Amino acid sequence: MGKKWGYILGIITLLTIIAANYLIFIWVPAEKVMGIVQKIFYFHVAAAWVGFLAFFIVFISSIKYLLTFNEKWDWYSAASAEIGFVFMSIVLATGSIWGRAFWGHWWTWDPRLTTSLILWFIYAAYLLLRSGITLEGRRARYSAVLGIIGFIDVPIVWFSVRWWRTVHPNLMESGKMAITTKMSITLSLSVMAFTLLYAFLLPRVVKLYQLDCTIQKTKDVIIRNL
Amino acid sequence: MKFAKIIYAMLCKDFKAEFRRKEILSSMLFFSLLIVVIINVTLNINKDILFENFTGLMWIVFLFTGVLGINRSFINERINDSYLGINLAVGESSIILVSKAVSNLAFIGIVQTIVIPLFFILFSVKWPQNAFLFLLVNFLGTTGFVFLGTFLSVLTINTNSEILLPIVLFPLLLPLVLAVVQASNLILKGAPLQLWGHWLGLILVFDFLYTLVPILLFDFVVEV
């Protein structure tokens, strides 16, 4: 992406975030039962969406890497995993706060929460595996393989956790609330803002990886010529 | 048939090496016994709660013990470059993965044949009526665990960190463990198939996917 487009995207992202925050905190009325706490929902859902999207991008770029062996795709999957991990952490944190206010305890083994937690663990494992390998080609191949295997697990995790919870009926249903038009508009804008933020961050983190790679290569050349 | 022959030869080789080295099997066995003792000592729970959590406790033992053995499986092949020798002799790298997984399954199976009855005895739980189904579900669960674990161990032994395998493996394994524990718990209570059939389905899907995908991807991780 050209520098100019990067700036334009950055400004659009910033404006959307401001607009979304305006809608969330001033425009949209608070939910009747839950009150002000419910507003965390707009951040929570949007972050979850980006978290899952980021994992999907890891999956796609991992496949692309194994097909082409172009290191660009490795940078993309690594960058996407890094951003996805941050967003998934936001999901867990906001979910916890919401749960504390709504259910009275910080954590319940609700299907969505559990799936997010497991996904977060898979991301962490992916990043740990990357940091454990120094050889570049090997790191790229191994993490691509894990990126694919990890993504396949997501639907299985979802089904298993959902069935698990239907066996235990004492759990309250989460996320069931009547959404008004104002709420859905706010949510859409919030999701858009988060997605734009992701789109803005991704090429930058990729660039970091690229620069890192260039430094490594230059270093190798210098050492060889000493 | 060539396929089965190679797997059999590899299995014999792994057993022969194990009986000379006495490394994996004995440590797995003693480790699992130790965890059983630790569970007994640390948990002070009544019989009903224990019965509810029986299969779960059993699988905690299997996971920690299994990961010990699986972690070693390819490390020994790196000594004297013996992996290269195997690869030259076999020719097809995915067969090596399958046969390594089969050997691991055999090792863990041996440990399980000792630990499962011991669990029933030490926790004084009655042996289930349909023991065959109970063992079958546990075997299917172990199969998925061992295949995915063997494959991922190839990734993790080539890193700087020895304890990476459980960190990478366990999150992926959670749905399988959940399914096995739920299904075998229901079998233990004598529940009919309708109540745990979907769990069995999930185990089979998991086993199928995580046998097939590693075989397809193994060429990318193998280092000659």
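Conventions we followed
- Residues numbered from 1 in each chain as written.
- Chains lettered and ligands numbered in written order.
- Predicted model: local features only at pLDDT ≥ 70, side-chain atom pairs only at ≥ 80, totals over all residues.
- Heavy atoms only, no water.
- Helix = DSSP H or I, 4+ residues; strand = E, 2+ residues; numbered from the N terminus.
- Buried < 20%, exposed > 50% of the residue type's maximum accessible area, 1.4 Å probe, protein only.
- Contact = heavy atoms within 4.5 Å.
- Areas by Shrake-Rupley, 256 points an atom, 1.4 Å probe, with all protein chains shown as cover.
- Lys, Arg positive; Asp, Glu negative; His and termini not counted.
- Charge placed at Lys NZ, Arg CZ, Asp CG, Glu CD.
- Phe/Tyr/Trp six-rings, centres within 6.5 Å; stacked < 30°, edge-to-face > 60°.
- Lys NZ or Arg CZ within 6 Å of the ring centre and 35° of its normal.
- Salt bridge = Lys/Arg side-chain N within 4 Å of Asp/Glu carboxyl O.
- Expected span 1.5 Å × (residues − 1).
- Buried area = accessible area lost by both parts, 1.4 Å probe.
- Polar contact = N/O pair within 3.5 Å; in protein donor to acceptor, adjacent residues only side chain to side chain.
- Nonpolar A, V, L, I, M, F, W, Y, C, P; charged D, E, K, R; others polar.
- pLDDT = per-residue confidence, 0-100.
- Axes fitted to C-alpha atoms, helices over the stretch in contact; angles between N-to-C directions.
- Parallel < 35°, antiparallel > 145°, perpendicular 65-115°, else oblique.
- Left-handed = near helix turned anticlockwise from the far one by under 90°.
- Core = buried A, V, L, I, M, F, W, Y, C linked by side-chain atoms within 4.5 Å.

**So, the overall build of chain A**
- In terms of regular secondary structure, chain A is built from 6 helices and 0 strands.
- Listed N to C, the secondary structure of chain A is α-α-α-α-α-α in terms of helices and strands.
- Considering only C-alpha atoms, chain A reaches an extent of 70 × 45 × 25 Å along its principal axes.
- Classification of the 226 residues of chain A by burial places 47% in the buried group.
- Across chain A, contacts joining residues at least 24 apart in sequence account for 80% of those joining residues at least 6 apart.
- Accessible area for chain A stands at about 11800 Å²; split by element, carbon and sulfur atoms hold 71% of it.
- For chain A, the distance from the average position of its 21 positive side-chain charges to the average position of its 10 negative side-chain charges is 6 Å.

**Looking at the packing of aromatic side chains**
- A full pass over the atoms with the stated rule returns 32 aromatic pairs over all chains.
- Considering the side-chain rings of Phe55(A) and Tyr123(A), the 4.4 Å spacing of their centres and the 45 degrees angle between planes classify their relative orientation as tilted. Of this pair, Phe55(A) sits in helix α2 (residues 40–68) while Tyr123(A) is found in helix α4 (residues 111–132), placing the two residues 68 residues apart along the sequence. Both residues of the pair, Phe55(A) and Tyr123(A), count as buried.
- Relative to Phe19(B), the ring of Phe15(B) lies with its centre 6.0 Å away and its plane at 40 degrees, an arrangement referred to as tilted. A residue pair is termed a helical-turn pair when its members lie 3 or 4 positions apart in one helix, as Phe15(B) and Phe19(B) do in helix α1 (residues 2–21) at 4 residues.
- What makes Phe19(B) exposed here is its relative accessible area of 51%.
- An aromatic cluster is defined as three or more aromatic residues linked by ring pairs; in this entry it consists of Phe54(B), Phe119(B), Phe120(B), Phe123(B), Trp127(B) and Phe134(B).
- Against the face of Trp73(A) rests Lys72(A), its NZ or CZ located 4.8 Å from the ring centre.
- In this arrangement the basic side chain of Lys100(B) is found over the ring face of Phe74(B), its NZ or CZ atom lying 5.9 Å from the centre.

**Observations regarding the pattern of salt bridges**
Residues and elements named next belong to chain B.
- Evaluation of the coordinates by the stated rule reveals 9 salt bridges over all chains.
- A salt bridge links Asp14 to Lys13; the nearest nitrogen and oxygen atoms lie 2.7 Å apart.
- Note on Asp14: relative accessible area 7%, which makes it buried.
- By relative accessible area, which is 30% here, Lys13 ends up partly exposed.
- Glu23 is the salt-bridge partner of Arg21, the closest N and O atoms lying 4.0 Å from each other.
- Take Arg21: its relative accessible area is 38%, and that puts it in the partly exposed class.
- Connected through shared salt-bridge partners, Lys13, Asp14, Glu77 and Lys100 make up one network.

**Details of helix α3 (residues 71–102) of chain A**
- In a regular helix each residue adds 1.5 Å, so 32 residues correspond to 46 Å; α3(A) covers 46 Å between its end C-alpha atoms and thus fits that length.
- Positioned one or two residues after α3(A), Gly104(A) has a phi angle of 95 degrees, which is positive.

**Comments concerning the environment of Trp199(B)**
- Here Trp199(B) shows up in helix α9 (residues 193–221).
- Separated by 87 residues in sequence, Trp199(B) and Gln112(B) have C-alpha atoms that sit 21 Å apart.
- Once residues lying within four places of it in the same chain are set aside, the contact partners of Trp199(B) are Ser160(A), Trp163(A), Trp164(A), Leu178(B), Ala179(B), Gln182(B), Ala183(B) and Leu186(B).

**Looking at the interface of chain A and chain B**
- The interface is formed by 29 residues belonging to chain A together with 30 residues belonging to chain B.
- For the pairing of chain A and chain B, the buried interface totals around 2700 Å² over both sides, and the portion due to carbon and sulfur atoms is 76%.
- Taken together, the links from chain A to chain B amount to 0 salt bridges.
- Along the contact surface separating chain A from chain B lie 7 residue pairs in polar contact (both at pLDDT 80 or more).
- Counting only elements with at least two residues in the side of chain A that touches chain B, the list comes to α4 and α5 (136–167) of chain A.
- The class makeup of the residues in the side of chain A that touches chain B is 21 nonpolar, 5 polar and 3 charged.

**Here we look at the confidence of the model for chain B**
- In the predicted model, chain B carries a mean pLDDT of 88, and 99% of its residues have values of at least 70.
- Here the predicted complex scores 0.87 on pTM and 0.86 on ipTM.

**Some points on the packing of helix α7 (residues 131–157) of chain B against α9(B)**
All names here are of chain B.
- Where α7 contacts α9, the axes come no closer than 9 Å and their chain directions differ by 25 degrees. Put simply, α7 runs roughly parallel to α9. Our pair here, α7 against α9, has a crossing hand that is left-handed. In this structure, α7 uses Leu133, Val137, Leu140, Gly141, Thr143, Gly144, Phe147, Leu148, Phe151, Val154 and Leu155 to contact α9, whose residues at the interface are Trp196, Leu200, Ile203, Leu204, Phe206, Asp207, Tyr210, Thr211, Pro214, Leu217, Phe218 and Val221.
- Along the lines of polarity and charge, the residues of the contact of α7 with α9 split into 18 nonpolar, 4 polar and 1 charged.

**Considerations on the nonpolar core**
- Counting 128 residues, the largest nonpolar core has Leu152(B) and Leu173(B) as the members making the most contacts within it.
- It is helix α8 (residues 164–188) of chain B that provides the largest number of residues to this core, a total of 16 residues.
- Residues within four places of Leu152(B) in sequence aside, it is in contact with Leu146(A), Leu165(B), Val168(B), Leu169(B) and Leu172(B).
- Grouped together as the second largest cluster of nonpolar side chains are 9 residues, Ile24(A), Phe41(A), Trp98(A) and Met183(A) included.

**Notes on the side chain of Ser116(A)**
- Structurally, the position occupied by Ser116(A) is in helix α4.
- In this structure Ser116(A) touches Met88(A), Val91(A) and Leu92(A), once residues within four positions along its chain are discounted.

**Brief notes about the confidence of the model for chain A**
All names here are of chain A.
- Summarising the model, chain A shows a mean pLDDT of 86, and 92% of its residues fall at 70 or more.
- Looking across chain A, the model is least confident in α5, with a mean pLDDT of 85, and most confident in α2, with 92.
- Note that residues 167–175 has pLDDT below 50 and, in this model, 8 contacts with residues that lie over four places away or in other chains.

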